[in-house]
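The primary structure of each chain is shown beneath.
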Amino acid sequence: MTATKPTIRPQNPCFGSGPCSKRPGWSPAALEGALTGRSHRSEDGRARIKEVSDRSRQLLGVPADYRVALVPASDTGAMGMAMWSLLGPRGVDVLAWESFGQTWADDITEQLKLPGARVLSADYGHIPDLAQIDFGHDVVFTWNGTTSGVRVPDASFIPAEHDGLVICDATSAVFAMEVPIARLDVVTYSWQKVLGGEGQHGMLILSPRAVARLESYAPSWPLPKIFRLTKGGRLAEAIFAADTINTPSMLCVEDALDGLRWAETIGGLPELTRRSQTNLAVVAGWVERTPWVEFLAADPAIRSSTSICLKIVDEWFTGLTTAEQAQVPKKMVSLLESERAAYDVASYRDAPPGLRLWGGATVLPADLEAVFPWLDWAYAEVKRG
Ligand SMILES: Cc1ncc(COP(=O)(O)O)c(C=O)c1O
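Per chain, the residues get numbers from 1 upward, laid out in the order the sequence is written. For a predicted model such as this one, the threshold for reporting local features is a pLDDT of at least 70, and the threshold for listing and counting side-chain atom pairs is 80 or more; totals across whole chains, interfaces and linings nevertheless cover every residue. Working from all heavy atoms in the structure, the side-chain values ignore hydrogens and water.

**Some thoughts on the sheet that holds strand E14 (residues 354-358)**
The strand order E12-E13-E14 describes an open sheet built from three strands, whose pairing is antiparallel. Edge positions in the sheet fall to strand E12 (293-295) and E14, since each has one partner strand and no second. The mean inter-strand angle of the sheet, taken between neighbouring strand axes irrespective of direction, is 35°. Across three bridges, the pairing between E12 and strand E13 (residues 307-312) is antiparallel. Pairing of Val-293 across the sheet is with Ile-312, part of E13. Pairing between two strands is assigned when DSSP locates at least 2 bridges connecting them. Starting at the N terminus, helices and strands are each numbered in turn, a helix being any DSSP run of H or I of at least four residues and a strand any DSSP run of E of at least two. In this analysis an axis means a line fitted to C-alpha atoms, helices contributing only their contacting stretch, and an angle means the value between N-to-C directions, from 0 to 180 degrees.

**So, the site of the ligand**
Summary of the distance rule: residues count as near a molecule or strand when at least one heavy atom falls within 4 Å of that molecule or strand. Near the ligand there are 13 residues, and of these Ser-74, Thr-76, Thr-146, Asp-169 and Lys-193 occur at the shortest range. We call two N or O atoms a polar contact when they sit within 3.5 Å, provided that within protein one can donate a hydrogen and the other can accept it, with sequence-adjacent residues counted only if both atoms are side-chain atoms. Within the side chain of Ser-190, one N or O atom sits 3.0 Å away from an oxygen atom of the ligand. Residue Lys-193 places a side-chain N or O atom 2.5 Å away from an oxygen atom belonging to the ligand. In isolation the ligand has 390 Å² of accessible area, and contact with the protein removes 86% of it. A per-element tally of the shell around the ligand places helix H2 (residues 74-86) first, with three residues. Across the shell around the ligand, the residue classes break down as two nonpolar, eight polar and three charged. Each accessible area is a Shrake-Rupley result for a 1.4 Å probe, and residues are judged covered by the shown protein chains and nothing else. Residues are grouped as follows: nonpolar covers Ala, Val, Leu, Ile, Met, Phe, Trp, Tyr, Cys and Pro; charged covers Asp, Glu, Lys and Arg; every other residue, Gly included, is treated as polar.

**Details of the pairing of strand E2 (residues 92-96)**
For the exposure calls, accessible area comes from a 1.4 Å probe over protein chains only, and a residue counts as buried if that area is under 20% of its type's maximum, exposed if over 50%, partly exposed in between. Counting buried residues in E2 gives five out of five residues, a clear majority hidden from the surface. The two faces of E2 match: Val-92, Val-94 and Ala-96 on one face and Asp-93 and Leu-95 on the other face are all buried. Here E2 runs beside strand E3 (residues 117-121); their pairing, made up of five bridges, is parallel. Paired with Asp-93 across the strands is Arg-118, a residue of E3. Handedness of the crossover is the feature at issue here: the chain leaves E2, passes through helix H3 (residues 99-111), returns alongside E3, and the resulting connection is right-handed. A crossover counts as right-handed when, viewed with the strands pointing away from the observer, the path leading from the first strand over the helix to the second turns clockwise.

**Thoughts on the nonpolar core**
The criterion is simple. A nonpolar core is a set of buried Ala, Val, Leu, Ile, Met, Phe, Trp, Tyr and Cys residues joined through side-chain atoms within 4.5 Å. Counting 90 residues, the largest nonpolar core has Phe-141, Trp-143, Phe-175 and Leu-375 as the members making the most contacts within it. Broken down by element, the residue count for this core peaks at nine residues, all from helix H9 (residues 365-384). Here a residue-residue contact requires only that any non-hydrogen atoms of the pair lie within 4.5 Å. Among residues more than four places away in sequence, those in contact with Phe-175 are Leu-59, Leu-60, Tyr-189, Val-194, Leu-195, Leu-260, Leu-269, Leu-272 and Thr-273. With 35 residues, the next largest nonpolar core counts Leu-114, Val-186, Leu-223 and Leu-235 among its residues.

**Things to note about the pattern of salt bridges**
One side-chain nitrogen of Lys or Arg within 4 Å of one carboxyl oxygen of Asp or Glu is enough to make a salt bridge. By the definition in use, this model includes 22 salt bridges. One salt bridge in this structure joins Asp-54 and Lys-50, with 2.6 Å as the shortest N-O distance. Of this pair, Asp-54 and Lys-50 both sit in helix H1 (residues 43-60), separated by four residues, roughly a single helical turn. We classify Asp-54 as partly exposed; its relative accessible area is 33%. In this structure, Asp-93 engages Arg-118 in a salt bridge whose closest nitrogen and oxygen atoms are separated by 2.6 Å. Of this pair, Asp-93 sits in strand E2 while Arg-118 is found in strand E3, placing the two residues 25 residues apart along the sequence. Taking relative accessible area as the criterion, Asp-93 reaches 0% and is therefore assigned buried.

**Concerning unusual backbone geometry**
Cis geometry marks the peptide bond from Gly-18 to Pro-19; its omega dihedral reads -10°. Its place among the elements puts Pro-19 in the segment before H1. At Ala-242, a residue that is not glycine, the phi angle is positive and equals roughly 80°. As for its placement among the helices and strands, Ala-242 is situated in the loop between strand E11 (234-235) and helix H5 (250-266). Judged by relative accessible area, Ala-242 falls into the buried class, the value being 9%. One non-glycine residue, Arg-340, lies in positive phi territory at about 55°.

**Focus on the sheet that holds strand E8 (residues 186-190)**
Pairing is mixed across the open sheet formed by seven strands, whose spatial order is E1-E9-E8-E7-E4-E2-E3. The sheet is open, and its two edges are formed by strand E1 (67-72) and E3, each paired on a single side. Strand-to-strand twist across the sheet, computed as the mean angle between neighbouring axes with direction ignored, equals 15°. In the sheet, E1 pairs with strand E9 (residues 201-206) via six bridges, with the strands oriented antiparallel. Opposite Arg-67, over in E9, you have Leu-206 as the bridge partner. Contacting E1, strand E4 (138-142), strand E7 (166-169), E8 and E9, H2 runs over the sheet at an angle of about 155° to E8. Here H3 sits on the sheet in contact with E2, E3, E4 and E7, set at roughly 150° to E2.

Listed below in structure tokens is the structure:
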């Protein structure tokens, strides 16, 4: 392994998995037309918010009878609203194979304390047996586990007809993978992932069956205003027609629109997906020729093309204690950041120590190619001590 310090840096060193890199060519000038200082409830403000929903709907192929809303508190807010508003009347199967799925499982078992809940778990790098899911229950899962780089292989495990509701946290999957929304009842995501938007704003998509549940079931627990999707037992339709629950940032709205317009310009979902797949293939090429790393997800069928997680398999590393291992990516990151060669490439704090590279469409393959020699160099430097 060469320890020579590379000379060429990636043009864009942002490889973090959220907030993710802005689109190629982005600059603050993209926000010049933002409706700052104006009310989000004005005609112009509502038009911008509606444009976000409409363009998202179009790009993602959301069925016409599904509702789309901009909601507070990012993806976590959207998932909280969905779980607190909808769960309770049926058993729940929740899937957990990394940190975020585990968060939803903890919400269901420790906060909502739902008596019929089953947690189907798997270790980092693996996925639970999807055949064990009871679709007579409500099902909660994460399409792409951002902290382990493991995704569901496709939608075939979800029966087209299911009695329970299927609630999907799709935040690091939408706009990068085929997520057939018509099979799902609730889809949530935030803006700062695949299209490189800003944090704090969530998107909530509901099927007609999810709406029917909202209108026929009132949870026994109280809901704060920030979570309430109904009014007088009926769906609060206004939220799904550009009347947000509370005040959004019109700067972030403008930025989200910039990302959506860019996605349309380059060719929509097929091109976004293709770019992400190309990035995964580029990383796979490097992993193939690099003895010290492997994918955390051994099975290519469940390997994420967005949050690409790698483990260090070199004998020197595997011989270290867990605490010592955890220091290795930290030291690498610090070296890489001081060189301005790569930012935010360590694995998530709860995941096994390793590296994580974002492969969504805002990242260019040439920048990944440029970062690999830096990763080799940083690893050799840390190993050398
Ligand atoms: C799968 C998944 N779910 C939820 C979250 C939390 O998202 P947010 O910070 O948008 O609430 C993240 C953030 O990375 C995530 O990757």
